[in-house]
Amino acid sequence: MIDLTIADDVATIVLNAPAKLNALDEQALHGLDAAYAEAEAAGVRALVLRGEGRAFCAGRDISGVDPRDDDVMGYLGGLVTPLLQRMSHFPAPTFAVAHGACLGVGLGLLIATDVVYVAESAKIGSPFAALGATLDSGGHALFLERLGAHKTLDLIYTGRLMSGAEAVASGLFSRVFPDDDVVSATTDAAATAARGATAAFLASKELVARIRDERLALWDSVDIENAAQAALCDTDDYREGFAAFQEKRKPEFRGR
């Protein structure tokens, strides 16, 4: 089950199948895609994704899958990848809470989120050695970029899972928190972002994606930064930010 609530310009999406560690079958993927579409249509200015129970998401729900006729491409290529792309392109800052198992497609959900706050209890890695399968949902790219080839293949070959603290120390995700604090820390960050200059945040989101995906050199990235800054001059929030600075007051951004 996928739950969506919207309040104060923040959408909260909850993976709510704790009995199966929020593992995702095709119906859940459709529900998650629909939740993101609804949040986007509502014009929210920030989004939080989290899981209910002991885990964020243990990956694909394979409880009823027969490997002899498993449509892997239909599941991954037809459902998971388009969902991750929708999440990655969501037109507002996105945040995720990672706790307990964060594996397979669950790890992919985190990769497709802008900012991930991690609980100390988190377990992150590639458990697929025991299944005769391989890491998916962007895991290879994330591990290789942040950990290098040797550590990536060590995790894959051994099936060892990283703790939340180790994952953050290795540069996989943003910050680590005690389990009791991670949800509040994430929701507070999202609430702060929702009061911010949304257009400027989205410009940075696009810049980061382009620099990463196009492997832009320094001065090429400076050129697109300059263009982004010039475009922001036409926004109400840019003018409000300058006025607030000059008047020595807090800005009141409206996301436009």
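The structure this text deals with has already been given above.
Note that the structure is a prediction, hence the values are computed from the model and not measured. (Residues numbered from 1 in each chain as written. Predicted model: local features only at pLDDT ≥ 70, side-chain atom pairs only at ≥ 80, totals over all residues. Heavy atoms only, no water.)

Caption draft 1: The environment of Asp154, seen in detail. Mapped onto the elements of the fold, Asp154 is located in helix α5 (residues 149-158). For Asp154, a relative accessible area of 39% puts it in the partly exposed group. (Helix = DSSP H or I, 4+ residues; strand = E, 2+ residues; numbered from the N terminus. Buried < 20%, exposed > 50% of the residue type's maximum accessible area, 1.4 Å probe, protein only.)

Caption draft 2: Just the state of the cysteines, in detail. Under the definition given, this model contains zero disulfides. Counting only cysteine sulfurs, Cys102 is the nearest neighbor of Cys57, a cysteine outside any disulfide, at a range of 8.3 Å. (Disulfide = S-S within 2.5 Å.)

Caption draft 3: Fine view of the packing of aromatic side chains. Summed over all chains, the structure comprises three aromatic pairs. On the numbers, 5.9 Å between centres and 85° between planes, the contact of Tyr36 with Phe90 is edge-to-face. Placement of Tyr36 in helix α1 (residues 26-41) and of Phe90 in the loop between α2 (72-88) and β4 (94-98) is noted, with a sequence separation of 54 residues between them. Looking at Tyr36, the relative accessible area reads 1%, which means it is buried. Taking relative accessible area as the criterion, Phe90 reaches 2% and is therefore assigned buried. (Phe/Tyr/Trp six-rings, centres within 6.5 Å; stacked < 30°, edge-to-face > 60°.)

Caption draft 4: Examining the sheet that holds strand β5 (residues 101-103) more closely. A sheet is described by the order of its strands in space; here three strands give the open sequence β5-β7-β8, paired in mixed fashion. Edge positions in the sheet fall to β5 and β8 (161-163), since each has one partner strand and no second. For this sheet, the mean angle separating the axes of adjacent strands, direction not counted, is 30°. When β5 meets strand β7 (residues 123-125), the two strands line up parallel, connected through three bridges. Along β7, the bridge assignment pairs Ala101 with Lys123. (Pairing = 2+ DSSP bridges. Axes fitted to C-alpha atoms, helices over the stretch in contact; angles between N-to-C directions.)

Caption draft 5: Highlighting the packing of helix α8 (residues 198-214) against helix α9 (residues 218-232). Where α8 meets α9, the axes come as close as 10 Å, and the angle between the chain directions of the two elements is 160°. When the axes of α8 and α9 are compared, the pair comes out roughly antiparallel. In the packing of α8 onto α9, the handedness of the crossing is right-handed. Residue-level inspection shows Ala199, Ala200, Ala203, Leu207, Arg210 and Ile211 of α8 in contact with α9, the latter providing Ser221, Ile224, Glu225, Ala228 and Leu232. (Parallel < 35°, antiparallel > 145°, perpendicular 65-115°, else oblique. Left-handed = near helix turned anticlockwise from the far one by under 90°. Contact = heavy atoms within 4.5 Å.)

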